[in-house]
Amino acid sequence: MELHGIHHLTAVTADARGNHAFYTGELGMRLVKKTVNQDDVSAYHLFYGDGAASPGSDLTFFDFPTKPARHGIHSISRTGLRVAGEDSLTWWAQRFADHGAPCGEIRLLGGRLSLDFTDPEGQRLRLVDDGGEGEAHPWMAGPVPAARQIRGLGPITLSVPELEPTERVLMEILNMRPTGRYPTPDVEGSITHIFSMGPGGAAAELHVAVEPNSPRMHPGAGGVHHVAFRIPDEAYADWAQRLQSTSRLPFSGPIDRFYFRSLYFREPNGILFEIATDGPGFTADEPLEELGTRLSLPPFLEHRRAEIEAGLKPL
């Protein structure tokens, strides 16, 4: 049993309209699903991805009225977004400079050229050169040239005070394997450990930065809620059984999100993990060409559409 890579990452915004403008305008990602948080229908759940809404490309946001996050340990601290080639990183650095978006310098991290930047709410992001590996599905109607577009997620970085409890879960329960390490950027004395899933590569890596002297993260806007890992649809029951029988960590049990099926649990440092199926996908209730153009609700919420729409602000 292997995970196939990063499925999606869900973060928090307190400004849905500004969030939508930045991720579709500045970053050129496609809004592939406009729906609501199924556990709190007063909040949007916005999914941004590639042109085909591929599993592994979705950066998603809950819209909560909350204060800014304080970054620190016990958290997902940096979200990787893959692009192809050093020339793409150079192109993006110039785009950020032209638009006044904060970013760092291109540097080598964990064997890959990377460019750190933040969104308007302080969300910590990183463009990573994936060497053009794997398929790409550009959004042809977007504002970014196809060759420069964000191809998907990965690697994702966690920040923890000690490695061993998280490492044990990654290796013994999730079957990840250690594949490298490097000095954590901008944190003196810290080491980041690389763990790979299934096929490996940038789309299937989790990086764990060990930062014992850093403050604890406080959740809020600009922070991350959880990360999800990919599995094929037919492996769902086996993974549910594995978590139930091999993990002493409490987990959610099977949850059907309509667009995919999920399993949730927290690793020992309190970071929320999700295991999610690739299917049925976002075309389950609307055609590919119309994704994100209207509010989509799963069947079990459709009878509340009028109430839900009345409580949401237009994007």
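Scroll up to find the structure.
Residues numbered from 1 in each chain as written. Predicted model: local features only at pLDDT ≥ 70, side-chain atom pairs only at ≥ 80, totals over all residues. Heavy atoms only, no water.

### Structural notes on the sheet that holds strand β3 (residues 40–49)
And step 1. Taken together, the eight strands give an open sheet; going across it, the order is β2-β3-β4-β1-β13-β16-β15-β14, and neighbouring strands pair in mixed fashion. Looking at the sheet topology across the chains shown, the edges are occupied by β2 (30–37) and β14 (255–256).
And step 2. Looking at chain direction, β14 and strand β15 (residues 260–266) are connected through two bridges and run antiparallel. The residue bridging isoleucine 255 from the neighbouring strand is serine 262, located in β15.
And step 3. Helix-sheet contacts for helix α4 (residues 236–246) involve β13 (224–231), β14, β15 and β16 (272–280), and the interaxial angle to β15 is about 15 degrees. (Pairing = 2+ DSSP bridges. Helix = DSSP H or I, 4+ residues; strand = E, 2+ residues; numbered from the N terminus. Contact = heavy atoms within 4.5 Å. Axes fitted to C-alpha atoms, helices over the stretch in contact; angles between N-to-C directions.)

### Examining the packing of aromatic side chains
And step 1. Taken as a whole and judged by the stated rule, the model has 13 aromatic pairs.
And step 2. Between phenylalanine 22 and tyrosine 23, the ring centres sit 5.1 Å apart and the planes meet at 80 degrees, which makes this aromatic pair edge-to-face.
And step 3. You can call tyrosine 23 buried: its relative accessible area is 0%.
And step 4. The rings of Phe22, Tyr23, Tyr48 and Phe61 are connected pair by pair, giving a single aromatic cluster. (Phe/Tyr/Trp six-rings, centres within 6.5 Å; stacked < 30°, edge-to-face > 60°. Buried < 20%, exposed > 50% of the residue type's maximum accessible area, 1.4 Å probe, protein only.)

### Considering the side chain of threonine 35
And step 1. With respect to the element layout, threonine 35 can be found in strand β2.
And step 2. Of note is the side chain of threonine 35, whose polar atom sits 2.6 Å from the backbone oxygen of serine 296.
And step 3. Every residue in contact with threonine 35, bar those within four places of it in the chain, is listed here: Tyr44, His45, Phe47, Leu295, Ser296, Leu297 and Pro298. (Polar contact = N/O pair within 3.5 Å; in protein donor to acceptor, adjacent residues only side chain to side chain.)

### Brief notes about the sheet that holds strand β10 (residues 177–183)
And step 1. Taking strand neighbours across the sheet as the criterion, the eight strands line up as β6-β7-β8-β5-β9-β12-β11-β10 in an open arrangement whose pairing is mixed. Both edges of this open sheet fall to β6 (107–109) and β10, since each of them pairs with a single strand only. Within the sheet, the average angular offset between the axes of one strand and its neighbour, ignoring direction, is 35 degrees.
And step 2. Pairing geometry for β10 and strand β11 (residues 191–196), over six bridges, is antiparallel.

### Some thoughts on the environment of threonine 246
And step 1. If you trace the backbone, threonine 246 turns up in helix α4.
And step 2. Taking the C-alpha atoms as reference, threonine 246 lies 7.0 Å from isoleucine 173; in sequence the two are 73 residues apart.

### Considerations on the nonpolar core
And step 1. Judged by nonpolar contacts, the single largest core of 65 residues is most densely connected at Leu27, Leu127, Leu174, Phe229 and Phe273.
And step 2. Aside from chain neighbours lying at most four places away, what touches leucine 127 is Leu81, Val83, Leu89, Trp92, Phe96, Leu113, Ser114, Leu115, Phe117 and Ile150. (Core = buried A, V, L, I, M, F, W, Y, C linked by side-chain atoms within 4.5 Å.)

### Some words on the pairing of strand β9 (residues 152–160)
And step 1. Of all nine residues in β9, nine are buried, a share of seventy percent or more.
And step 2. Sheet topology places strand β5 (residues 75–83) next to β9; six bridges connect them, and they run antiparallel. Bridging from a neighbouring strand, isoleucine 76 pairs with leucine 158 of β9.
And step 3. By the bridge criterion, five bridges tie β9 to strand β12 (residues 205–210) in an arrangement that is parallel. Considered in β12, the bridge of isoleucine 156 is made with leucine 206.

### Concerning the pattern of salt bridges
Opposite charge on two side chains permits them to pair, given that their charged atoms come into close proximity.
And step 1. For the structure on display, the rule yields 16 salt bridges.
And step 2. Across the pair lysine 33 and aspartate 285 runs a salt bridge, and its minimum N-O distance is 2.8 Å. Of this pair, lysine 33 sits in strand β2 while aspartate 285 sits in the loop between β16 and α5 (305–310); the two residues are 252 residues apart in sequence, bridging distant segments of the chain.
And step 3. Given a relative accessible area of 0%, lysine 33 falls into the buried group.
And step 4. Given a relative accessible area of 28%, aspartate 285 falls into the partly exposed group.
And step 5. For arginine 107, the salt bridge goes to aspartate 116, with nearest N and O atoms at 3.2 Å. (Salt bridge = Lys/Arg side-chain N within 4 Å of Asp/Glu carboxyl O.)

### Notes on helix α3 (residues 164–173)
Helical geometry: 3.6 residues make up each α-helical turn, so side chains three or four residues apart lie on a common side.
And step 1. Residues of α3 that are buried include every one of Pro165, Thr166, Val169, Leu170 and Ile173, and no others. Along the axis of α3, the buried positions cluster into a sector of 135 degrees, meaning they face one direction only.
And step 2. Where α3 is buried, its residues touch β9, β11, β12, α4, β15 and β16.
And step 3. The positive-phi residue at the C-terminal boundary of α3 is asparagine 175, with phi of around 60 degrees. (Arc of directions from axis to C-beta.)

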